[in-house]
Amino acid sequence: MDEEPERTKRWEGGYERTWEVLKEDESGSLKATVEDILFKDKRKRVFENYGQVRLGMMRHLFVVIDTSRTMEDQDLKPNRLTSTLKLMEYFVDEYFDQNPISQIGIIITKNKRAEKLTDLAGNPQKHISALKKAVDTTCAGEPSLYNSLNLAMHTLKHMPGHTSREVLVIFSSLTTCDPSNIYDLIKTLKGLKIRVSVIGLSAEVRVCTILTRETGGTYHVILDETHFRELLTFHVKPPPASSSSECSLIRMGFPQHAIASVSDQDSKPSFSMSHLDNSSGPGLTLGGYYCPQCRAKYTELPVECKVCGLTLVSAPHLARSFHHLFPMDAFQEMPLEEFEGERFCEACQGELKDKSVFICSVCSSAFCVECDLFIHDTLHCCPSCIHSQSTS
Amino acid sequence: MASEDEVSLLVVVVDVNPIWWGQQAQREPEFTLSKCLDSVMVMGNSHLVMNRTNKLAIIASHCQESHFLYPSKHWKAGDAAGDDAVSSSRDGKYEVLAVTNDQISEEVRNLMARTEVKGHQTDTLLAGSLAKALCSGQEMKSRILVIKAAEDCALQYMNFMNVIFAAQKNSIVIDACVLATDSGLLQQACDITGGLYLKIPQKSALAQYLLWVFLPDANQRSQLVLPPPVHVDYRAACFCHRNLIEIGYVCSVCLSIFCNFSPICTTCETAFKIPLPQMVKPKKKKLKPAT
């Protein structure tokens, strides 16, 4: 397997003999290998620690979803479109969880045209309700890569220089119908510093390879639904910022939350600016967030004030992105037999039963497999290290 | 009402800062650490009795470590010997409760006896205890109750926020019962995770407040009239003066907040592009060719 020459693409290598992965032990049971595979699955996080690299924290991402005829294919259950939309809801949730001050817009393409499903916005609810409604769309015709990228580009080129401009294309068809030369568009995208990444659902397409290579994005083709989910999770993390992106001081407002109850004498009901788009009812509410510059009211943060243009956030939103700036190192794996010390996980106080324990390089405490996963995925700080009181 | 098989875990994090409790013993001798722990034990017993499948964990948050008072590792080994359990329920109490209370009192005695407070470490390690509480409540539905005595420690802000977001992501509710001074960090934690924050007016009535406000779990709270939510101050503090500001400038690279515009960010030392006012070029009028 190692000596074969010049294997540039994974599909050229063919399937390595997959039945050899499973090995039987002396009694003929597969239990040990199955446990091994499950254990490796738990640990499959690719720790792409970029090190001390500037990250693009404020992201403007457009997701282009291909809704052409090939999306009715049933290789993903129940069909590709439903599966993709469900994973997109998960992606939108995770994206706003990890990047609270960023924005997403959704574009769909079919019948050789492209249209915007939702505009660039920082509120996840709007996108999720649009995605839920989109399950009923008919998949017809061919997608148009040129038109969808053009549509995304028209909005992204007006975005300020310090934000990262990205497009993620979920491309299922093997063809694209473009009104003019796509290579010119690729040059324009490169000039505007827009990074395009593609997730292919069928097979590798050469124009996507060139597109992603030129603009600095990534191109992957999915194997199955789990792999699709993993690839989407990969795009949730902020990418390294390109060297030419500008850094600037952004003026932001931190509004106070006014909670008023009906019994409060001074509180008056007022209209909220965020309900201007909804036609469902008058939307009079008592409390809310008041913009410090123009006193317009909003019900949720983060939002860009429609009246004065000030970005309104709250301090926890910024704090949520801090763990990207101070990433945690991976723990060292050590087999259980070699580990001296009490056989208890420092975090959950459970007994250490798995075949390896994980040691923090700073404080040398041992953790079990589930706690290690929890610490690196969700908590982002070692429970024993934060007892040392020197970190801020 | 929760279904019969649902395991519900309550983790109580008790602040046992010896400096604060030592001063408290001199201020008000009728409310000491032992009285506080008695109230916690009453609350723990009540929780265990509410439902057969309820579980309890108690963590003591000290200046140097966070220690699990219950369930205790050392007692796990001794559980096999069932003789001790029979003798501990002298007053006819349900055995599980008697064993629990004994473990808690034994562990807290050991903890306070063996730890020595060194000069500069006077702040309670609350963020660390909360992190351990989160790790222990992963497989089941859980909630955390924090009983806070001493003041906030500003150094722990970032770790605290990480813990709060991890709790919110896993739908773990953090409630706070504050004995003395208001804590901004815990107010934010309760607001973000959807828990209850209460500053107790009279410390000697701790047991009453715990049973009234904090014993019912999340599904039952909608049917009770509980203390109203407090106003949480979410304004950010600027990095240069630590003032609370309403409008500020945020560095796009490191997200530090400043109250005034400055050409260089002090945290990450990036030079900023200063937006200059646009030069309006005078429009050149096209001269009509003379016909």
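Residues numbered from 1 in each chain as written. Chains lettered and ligands numbered in written order. Predicted model: local features only at pLDDT ≥ 70, side-chain atom pairs only at ≥ 80, totals over all residues. Heavy atoms only, no water.

Participant: How should I be thinking about the nonpolar core in this particular structure?
Facilitator: One recurring pattern in soluble globular proteins is that nonpolar side chains are buried together. In terms of nonpolar packing, the biggest core is built from 76 residues, with Phe367 and Leu379 of chain A together with Val13, Leu134, Ile144 and Phe160 of chain B touching the most fellow members. Per-element tally for this core: the top contributor is helix 7 (residues 157-169) of chain B, with eight residues. Other than its neighbours up to four places away in sequence, Ile144 of chain B contacts Val11, Val13, Leu130, Ala133, Leu134, Ile172, Val173, Ile174 and Asp175 of chain B. (Core = buried A, V, L, I, M, F, W, Y, C linked by side-chain atoms within 4.5 Å. Buried < 20%, exposed > 50% of the residue type's maximum accessible area, 1.4 Å probe, protein only. Helix = DSSP H or I, 4+ residues; strand = E, 2+ residues; numbered from the N terminus. Contact = heavy atoms within 4.5 Å.)

Participant: Where do I start with the interface of chain B and chain A in this structure?
Facilitator: Taken together, the contacts link 58 residues of chain B with 54 residues of chain A. The interface formed by chain B and chain A includes two salt bridges. The shortest N-O distance in the salt bridge between Glu94 of chain A and Lys169 of chain B comes to 3.7 Å. The tally of links from chain B across to chain A stands at five residue pairs in polar contact (both at pLDDT 80 or more). Those elements that place two or more of their residues in the side of chain B that touches chain A are strand 3 (66-70), helix 3 (73-78), helix 6 (126-136), helix 7, helix 8 (184-193), strand 9 (247-251) and strand 10 (257-258) of chain B. With 10 residues, the single largest contributor to the side of chain B that touches chain A is helix 7 of chain B. Here the side of chain B that touches chain A is built from residues that sort into 32 nonpolar, 16 polar and 10 charged. Strand direction decides the pairing type here: strand 7 (residues 249-253) of chain A and strand 9 of chain B, joined by five bridges, are antiparallel. (Salt bridge = Lys/Arg side-chain N within 4 Å of Asp/Glu carboxyl O. Polar contact = N/O pair within 3.5 Å; in protein donor to acceptor, adjacent residues only side chain to side chain. Nonpolar A, V, L, I, M, F, W, Y, C, P; charged D, E, K, R; others polar. Pairing = 2+ DSSP bridges.)

Participant: Even after reading the chapter, I still don't get the sheet that holds strand 9 of chain B, so can you show me in this structure?
Facilitator: What holds strands together in a sheet is hydrogen bonding between their backbones, with the strands either parallel or antiparallel. Read across the open sheet, the five strands follow the order 13(A)-14(A)-7(A)-9(B)-10(B); overall the sheet is mixed. Of all the strands in the sheet, just strand 13 (303-304) of chain A together with strand 10 of chain B have a single pairing partner and so form its edges. Sheet topology places strand 9 of chain B next to strand 10 of chain B; two bridges connect them, and they run antiparallel. Looking at the pairing, Tyr249 of chain B lines up with Phe258 of chain B of strand 10 of chain B.

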